[in-house]
Amino acid sequence: MIEIILIALAPIIGGLIYGLERVVRARMQNRKGPPILQPFYDMLKLIDKQAFIVNPYHSILGIMHFVTLWVVVAFVILGQNLLYVVFLHLLSALFLIIAGFSVKSIYSHIGANRELQAMIAYEPILIMTAVGFYMINGSFDISIIRESSPLLLSLPLVFLAFLMIIPIKLKKSPFDATEAHQEIVGGVEIEYSGIFFEFLYMSKWLEYVFIYLLLILFAGNSQILGAVLSVGVFLLVNLVDNSTARIKMKHLIKIVLGIGLTLSMINLIGLSYV
Amino acid sequence: MLTSFFKAFTNLFKKPQTIDYPVTSIEKDKEYRGLIEYGESECIYCLKCEKACPPGAILFVPVENPPKNEKNKKGLKYHYNPHLCIYCSECVRACPKPEEALWQSNKKPPIGIKDDKVNDGWFELEKLKKV
Amino acid sequence: MKKTINIPIGSQHIALLEPVRFKFECENEKIVGVGSDVGFVHRGIEKACTTKFKFDGIGYVVARVCGLCAITHSMTYTASIEKLIGGEITQKAKYLRILLLELDRVHSHMLCLSHTCENAGFEAMFMRIMGDREDIMEIQELITGNRVQFDYISIGGVNRDIDAAQAKNILAKLELLKHKVLGYIDEFTNNWSLSLKFKGIGVLTLDDAYRFNTIGPLARASGLQADVRNEIDYLPYDEVGFNMQTHSDGDINARNLVRLSELLNSIEMCNNILEGLPEGEIFTKLKGKPKGDTVVRFEAPRGELMYYVKGNGSAMLDRVRIKTPTFSSIPAFSHVFMGADYADAPAILASFDPCLSCTAK
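Note that the structure is a prediction, hence the values are computed from the model and not measured.

S.K.: Teacher, can you tell me more about the packing of helix α4 (residues 91–119) of chain C against helix α5 (residues 123–144) of chain C here?
M.R.: Each pair of packed helices can be described by the angle between their axes along with the distance between the axes. Residues and elements named next belong to chain C. Viewed as axis vectors pointing N to C, α4 and α5 meet at an angle of 165 degrees, and their least axial separation amounts to 8 Å. Looking at the two axes, α4 sits roughly antiparallel to α5. As for how α4 packs across α5, the hand of that crossing is left-handed. Grouping the constituent residues of the contact of α4 with α5 by class yields 16 nonpolar, four polar and five charged.

Now the structure itself:
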């Protein structure tokens, strides 16, 4: 019963996390920051604006991206198979890429191109994480992973590789070249307006919920370790965001695949010997 | 990179640099360039301020009921437009009696809103001047 | 089927402070052709100077050509009228004029540095430099009464004076600012992600700088020794401690370092002026009307600024011609973009420091 309520309120919880993060980032830059409920005020304003439909496939694919991401979060809360979750998440990202290629704007094409290149960088690491969980527990089911003892001690290098892909998913420096708003003016989001842009904005909130739920999985059945991990990673991601610039796509792929994939493979090979 | 990292962390505990304007008001000091003010009783109607003003924000125009001053031979009245003025105080420097007839205060200039049509009355005065 | 795509950085863009349009022809994000367009803010100032305003009010009109180098325009025009009328101004007025010109240079360079960081994706540095720039704006408000448009120079001298208490206040604030600038130099040279974005990108070699006649910090970063403050004698720059700063690499990192060293040199010059200010009047009345023609040059924060003024003995001038520094750097801009990635284009553009209201007057 409580799971149904959590699934229904998932976008609102994501919006509160996003609003809190904007205030924390502003305080780190010595400014005051917006009110915490600012994402909801933005939503009310966007509903009033005029919505242009460029072509019907573009708008429908944008809505499908949001719906699929909500289904992914629902599966994680209900405790389904982790490998299905990873592949459904890949499907939702593909919807956005095809929507980006279906219009004639040049910024949209370049943004979709960069999104496709970033997917090459983070998908292998997500799959390695799922394989690492399987090798310890013998099953891909999330409900069984939650009952086991903390996995952080036997998967430290996989945890480090997972930390490296968090800035790519949450669109933060140094790895936020897919939504570089000074260079390509938002990338794929540029042709959405009005209520359709609201769907993309809400799917950003759902990404936050998804990443933090996956992070809590590393803690197993210990609630205190889960809380400590979430708050620690929240502060660490924002501190790194405020002290680095944005690096280009070719450097991103070299660093993330070169270091991240090597670390996780070393960890998995070490596990098979123990 | 590490200095930025630690600076970002310590900034979380300091007071932010933002001023909460207009909830808190800002005090301007006495040297601020504000509105030009006029003392009619001391004016000698030499018209030097009107010649010195670059955008033409001071006009002396003949009217029916001029102010009673023995130096006012031609029946003129002083008009000032705060929306054309650039607050450079050239008029104050050109006046022979700078602290008594014409001086610069530190009050904030008014805001010009398009619906108020602030310049329409001024264009009428300029036409009177050309005639 | 075409091999190239056209990507514009249009006249309205998030990364631009000024309305300029560049159209790039790219092969898969590598630039192979550049087309440029300026002139979006043309207001007709040169025509207004000869028809609507008298010659003693034009000093306020040309200060409104640009927001950042306003006082340099006003200074150049006043110097040319003083040459035509003929007359001497006091030593104290000359020192006060140099003080404000150098303070203006400091705040303009800080704006350019923060904008370069923001286009590279580093927003925290942008907010930090802008927060420190508020100190310079407070100093300018203490001296002249306004934060950006000063209206401080008129024909024959300056308009306001500085007393001893204000000078002590300003010296204390400048000392704090010097420590912050040393912190920036440390950050710009040691940050790993900024060096990936700035080093070796947007290179202008010494031969190309000489061939395209580049001016300002853009030329000094490639090794060319070009600074107008070395070559003029209307203001006593050699008495207050001016040094020319150059670098030899020619990439974006070199331009940033040249601007930072110029900041330190300007702060040192302001310290020398405030400690050694001579006594005297600040304004002498000059009589007469301008007759004949003359050419005057000065060093704005972005390069060399030139005025040609022609008068015929009446209160209205015959011709005022303004040549601004960004206009003569546009061929060098178009050359540097070729062969770079499109992802670097906003950062390269911000490091040139274009000022389009000067260009399209």
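S.K.: Would you mind showing me how to read the sheet that holds strand β3 (residues 30–37) of chain C here?
M.R.: Consider a sheet: its strands pair through backbone hydrogen bonds, and that pairing is either parallel or antiparallel. Residue and element names in this part refer to chain C. With antiparallel pairing, the three strands of this open sheet are ordered in space as β1-β2-β3. A strand with exactly one partner marks an edge of an open sheet, and here the two such strands are β1 (5–9) and β3. Taken over all neighbouring pairs, the strand axes of this sheet differ in orientation by 25 degrees on average, direction set aside. Note that β1 and strand β2 (residues 21–27) share five bridges and pair antiparallel. Within the sheet, the bridge partner assigned to asparagine 6 lies in β2 and is glutamate 25.

S.K.: Honestly, the packing of aromatic side chains in this entry has me stumped. Any pointers?
M.R.: Two measures describe an aromatic ring pair: the distance that separates the ring centres and the angle between the ring planes. In this structure the tally under the stated criterion is 24 aromatic pairs over all chains. With a centroid separation of 5.5 Å and an interplanar angle of 50 degrees, the aromatic rings of A:Phe66 and A:Trp70 are classed as tilted. Here A:Phe66 and its partner A:Trp70 are both found in helix α4 (residues 56–78), four residues apart, which amounts to about one turn of the helix. When the centroid spacing of 4.8 Å and the interplanar angle of 20 degrees are considered together, the rings of A:Tyr134 and A:Phe140 count as stacked. For A:Tyr134, a relative accessible area of 39% translates into the label partly exposed. Here C:Arg211 stacks its cationic end above the ring of C:Phe212, 5.0 Å away from the centre of that ring.

Parameters at a glance
- Residues numbered from 1 in each chain as written.
- Chains lettered and ligands numbered in written order.
- Predicted model: local features only at pLDDT ≥ 70, side-chain atom pairs only at ≥ 80, totals over all residues.
- Heavy atoms only, no water.
- Axes fitted to C-alpha atoms, helices over the stretch in contact; angles between N-to-C directions.
- Helix = DSSP H or I, 4+ residues; strand = E, 2+ residues; numbered from the N terminus.
- Parallel < 35°, antiparallel > 145°, perpendicular 65-115°, else oblique.
- Left-handed = near helix turned anticlockwise from the far one by under 90°.
- Nonpolar A, V, L, I, M, F, W, Y, C, P; charged D, E, K, R; others polar.
- Pairing = 2+ DSSP bridges.
- Phe/Tyr/Trp six-rings, centres within 6.5 Å; stacked < 30°, edge-to-face > 60°.
- Buried < 20%, exposed > 50% of the residue type's maximum accessible area, 1.4 Å probe, protein only.
- Lys NZ or Arg CZ within 6 Å of the ring centre and 35° of its normal.

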